[in-house]
Amino acid sequence: MSHRPVFKVEPSIPLVGCIAFGLIDRGTNVIQIRPTTLCALSCIFCSTSAGPKSRIRQIEYSVPLDYLIEEMDKIVEHKGRYGIEAHIDTVGDPFTYPYLVELVQKLNQIEGVETVSLQTHGALFNEKILDKLSSAGLNRINLSIDSLDPELARRMADTPWYNIPRIVELAKYIIENTNIDLLIAPVLVPGWNDEEIPKIIRWSIEIGAGKKFPPLGIQKYEVHKHGRKPKGVKYLSWKDFNQKLEEWEKIFNVKLRLSKEDFHVQKRLMLPIPYKKFEIVQVKVVALGWLKHEKLAVSSNNRRAITLVNADHIPLNSKIKARILTNKHNIYLAEPLV
Ligand code: SF4
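Along each chain, residue indices are assigned from 1 in the same order as the chain's sequence is written. With pLDDT at 70 or above as the cut-off, local features in this predicted model cover only qualifying residues; side-chain atom pairs require 80 or more to be listed or tallied, and sums for whole chains, interfaces and linings still use all residues. Side-chain measures here rest on the full set of heavy atoms in the structure, leaving out hydrogens and waters.

Some thoughts on the overall build of the protein chain
Alright, step 1. Under the scheme used here, helices are H or I runs from DSSP no shorter than 4 residues and strands are E runs no shorter than 2 residues, and both carry numbers assigned from the N terminus. Helix and strand counts for the protein chain stand at seven helices and 15 strands.
Alright, step 2. For this measure, only C-alpha atoms enter the radius of gyration; the expected value for a globule follows 2.2 Å times N^0.38, where N is the number of residues. Taken against the 2.2 N^0.38 rule, which gives 20 Å for 338 residues, the C-alpha radius of gyration of the protein chain at 20 Å falls within 12% of a compact globule.
Alright, step 3. C-alpha extents for the protein chain along the principal axes are approximately 60 × 45 × 35 Å.
Alright, step 4. The classification of residues rests on relative accessible area computed with a 1.4 Å probe and restricted to protein chains. Under 20% of the type maximum is buried, over 50% is exposed, and intermediate values are partly exposed. Across the 338 residues in the protein chain, those meeting the buried criterion constitute 58%.
Alright, step 5. Every residue pair with non-hydrogen atoms within 4.5 Å of one another is taken to be in contact. Here the analysis covers contacts within the protein chain between residues at least 6 apart in sequence; of these, 73% occur between residues at least 24 apart.
Alright, step 6. In this description, accessible areas are obtained by the Shrake-Rupley approach with a 1.4 Å probe, and a residue is regarded as covered only by the protein chains that are shown. As displayed, the protein chain has an accessible area near 15400 Å², and 51% of this comes from carbon and sulfur atoms.

As for the packing of aromatic side chains
Alright, step 1. Each aromatic pair joins two rings of Phe, Tyr and Trp (for Trp, the six-membered one) with centres within 6.5 Å, and gets the label stacked for planes under 30 degrees apart, edge-to-face for over 60, and tilted for any other angle. Tallied over the entire structure, the rule returns seven aromatic pairs.
Alright, step 2. With centroids separated by 5.7 Å and ring planes inclined at 70 degrees, the aromatic side chains of Tyr275 and Tyr332 adopt a geometry described as edge-to-face. Here Tyr275 is found in the loop between α7 (238–252) and β11 (280–288), whereas its partner Tyr332 is found in the loop between β14 (319–326) and β15 (333–336), with 57 residues between them in sequence.
Alright, step 3. Judged by relative accessible area, which is 7%, Tyr275 ranks as buried.
Alright, step 4. Each member of the aromatic cluster is reached from another via a ring pair, and the members are Phe7, Phe21 and Tyr61.
Alright, step 5. Criterion for a charge above a ring: Arg CZ or Lys NZ at most 6 Å from the ring centre, at most 35 degrees from the ring normal. In this arrangement the basic side chain of Arg140 is found over the ring face of Phe213, its NZ or CZ atom lying 4.4 Å from the centre.
Alright, step 6. Seen from the ring of Trp238, Lys220 lies directly overhead, with NZ or CZ sitting 5.1 Å from the centre.

Observations concerning the domain arrangement of the protein chain
Alright, step 1. Partitioning the protein chain into domains gives domain 1 (6–263) and domain 2 (280–336).
Alright, step 2. Domain start and end points were adopted from an automatic or database domain assignment. Using C-alpha coordinates to define each centre, domain 1 is positioned 28 Å away from domain 2.
Alright, step 3. Counting from both sides, the interface comprises 22 residues of domain 1 and, opposite them, 20 residues of domain 2.
Alright, step 4. Together, Pro14, Gly17 and Gln58 form the three largest contributors to the area buried by domain 1 at its contact with domain 2, with a combined 28%.
Alright, step 5. Any N or O atom pair separated by 3.5 Å or less is treated as a polar contact, with the protein-specific requirement of one donor-capable and one acceptor-capable atom, and with residues adjacent in sequence counted only for side-chain atom pairs. For the interface between domain 1 and domain 2, the tally reads 13 residue pairs in polar contact (both at pLDDT 80 or more).
Alright, step 6. Residues are grouped as follows: Ala, Val, Leu, Ile, Met, Phe, Trp, Tyr, Cys and Pro are nonpolar; Asp, Glu, Lys and Arg are charged; every other residue, Gly included, is polar. The residue inventory of the side of domain 1 that touches domain 2, partitioned by class, reads 13 nonpolar, five polar and four charged. Buried area counts how much accessible surface, traced with a 1.4 Å probe, disappears from two parts once they are put together, with both parts' losses summed.

Digging into the nonpolar core
Alright, step 1. Within the largest apolar cluster, 95 residues are counted, with the highest numbers of intra-cluster contacts made by Phe21, Ile33, Met72, Leu103, Leu107 and Ile141.
Alright, step 2. Sort the elements by how many residues they give to this core and helix α5 (residues 164–177) lands first, with eight residues.
Alright, step 3. Both of domain 1 (6–263) and domain 2 (280–336) provide at least three residues apiece to this core.
Alright, step 4. Every residue in contact with Ile141, bar those within four places of it in the chain, is listed here: Leu118, Thr120, Phe125, Leu130, Ile174, Ile180, Asp181, Leu182 and Leu183.
Alright, step 5. Throughout, nonpolar core names a set of buried Ala, Val, Leu, Ile, Met, Phe, Trp, Tyr and Cys residues whose side chains join them through atoms within 4.5 Å. Formed by 14 residues, the second largest nonpolar core is a distinct cluster that contains Tyr275, Val281, Ile306 and Leu308.

Let's talk about α7
Alright, step 1. By this rule, a helix spans an expected 1.5 Å times one less than how many residues it contains. The end-to-end C-alpha distance of α7 is 21 Å, a good match for the 21 Å that 15 residues give at a rise of 1.5 Å each.
Alright, step 2. Against β9 (187–188), α6 (196–207) and β10 (219–220) lie the buried residues of α7.
Alright, step 3. Note on α7: the residue one or two positions beyond its end, Asn253, has a positive phi of about 55 degrees.

With respect to unusual backbone geometry
Alright, step 1. At Asn302, a position not held by glycine, the phi torsion is positive, near 50 degrees.
Alright, step 2. Relative to the helices and strands, Asn302 is located in the loop between β12 (295–299) and β13 (305–308).
Alright, step 3. Judged by its relative accessible area of 42%, Asn302 is partly exposed.

Quick look at the site of the ligand
Alright, step 1. Whether a residue is near a molecule or strand depends on its heavy atoms: if one lies within 4 Å, it is near. The immediate surroundings of the ligand are formed by Cys39, Leu41, Ser42, Cys43, Cys46, Ala50, Gly92 and His121.
Alright, step 2. For the shell around the ligand, the per-class residue count stands at five nonpolar, three polar and no charged.

Quick look at the environment of Thr115
Alright, step 1. Structurally, Thr115 can be placed in strand β6 (residues 113–120).
Alright, step 2. Looking at Thr115, the relative accessible area reads 17%, which means it is buried.
Alright, step 3. Between the C-alpha atoms of Thr115 and Glu85, which are 30 residues apart in sequence, the distance is 4.5 Å.

Notes on helix α2 (residues 100–109)
Alright, step 1. Listing the buried residues of α2 in full gives Leu100, Val101, Leu103, Val104 and Leu107. The buried residues of α2 all sit within an arc of 165 degrees when viewed along its axis, so they share a single face. The arc in question is the one traced by the directions running from the helix axis out to the C-beta atoms.

A closer look at the pattern of salt bridges
When charged atoms on two side chains of opposite charge get close, those side chains can pair.
Alright, step 1. A pairing counts as a salt bridge when a side-chain nitrogen of Lys or Arg comes within 4 Å of a carboxyl oxygen of Asp or Glu. In total, this model carries 21 salt bridges according to the counting rule given.
Alright, step 2. Measuring nitrogen to oxygen at the nearest pair gives 2.9 Å for the salt bridge that ties Arg57 to Glu60. Per residue, the accessibility class of Arg57 equals that of Glu60, and both read buried.
Alright, step 3. Ionic pairing is found between Glu169 and Arg166, a salt bridge with its closest N-O pair at 2.8 Å. Here Glu169 pairs with Arg166, and both are found in helix α5, just three residues apart, close to one helical turn.
Alright, step 4. You can call Glu169 partly exposed: its relative accessible area is 46%.
Alright, step 5. Residue class for Arg166 comes out partly exposed when judged on its relative accessible area of 27%.
Alright, step 6. Taken together, the shared-partner salt bridges in this structure form one network comprising Glu246, Glu249, Lys250 and Arg257.

Take a look at the structure:
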């Protein structure tokens, strides 16, 4: 899948603080769960530059199941034990996590977690794992399908074995044979799959996607600092994107412009953010960062994980001072002061 080493995130490393792994609380009832960074595909538009063909990642992370559950339980306690959605999204694909079924089952058992959902391209789907996930209580799969044309789908996933007809078959299987709600979430990459999107909308409605949640959540491709930029991608403004959605809504008589309410997202108490922007903190370097030139560090009292940028010269296990550059939603980037 990837030739990069996989670093196990042991309990002394906090699960809050690094975007690549652990738990992300953005001040709502939805908590993002990131057990692994691995992905089997290498999509040409990937915002996190995941997969075997990644040129900017240097390491992958995996979080032990029990540790993830223990820390999630603490966050749910802090936020209130009601109406919580555990959304397994990852900077890769959750199906690369060997304990995905157990993870869903244990998340479901946490008092206050009412919805368990995940985000995937479905490349590693099979009937058996879908059955197990359904029995474990998975409520929703957000399935990204960007083209129904097999050749275009392979080119967009940059993966010769990516088999969209098989995923289409398994999408129907989910609807017909499991209790999992299916939301089809294509990424519109202007210049690449504009003509595929209406076909995907028609197909999603035909197969009966979205029973408790909307059937479709169309996403817009955006250029990300560390993401991939496909050749020939065209610029599409948010205004034009929304206009397209509006046109398709009229043609297909389906809601495509979604709001937080469609997913029952509510504001909730956020975890405290212990470090301010530009604050100087003492950290210990514990591993390589997931992207080249980065290191993973931990702040004193193991409060938060912190990603050090421009840190090639900083040895592992060293204790140094670093200046916080960003702290939004408790996700930290810092620069070493040595
Ligand atoms: S878009 Fe998703 S499936 Fe594709 S490479 Fe990125 S993380 Fe993997």
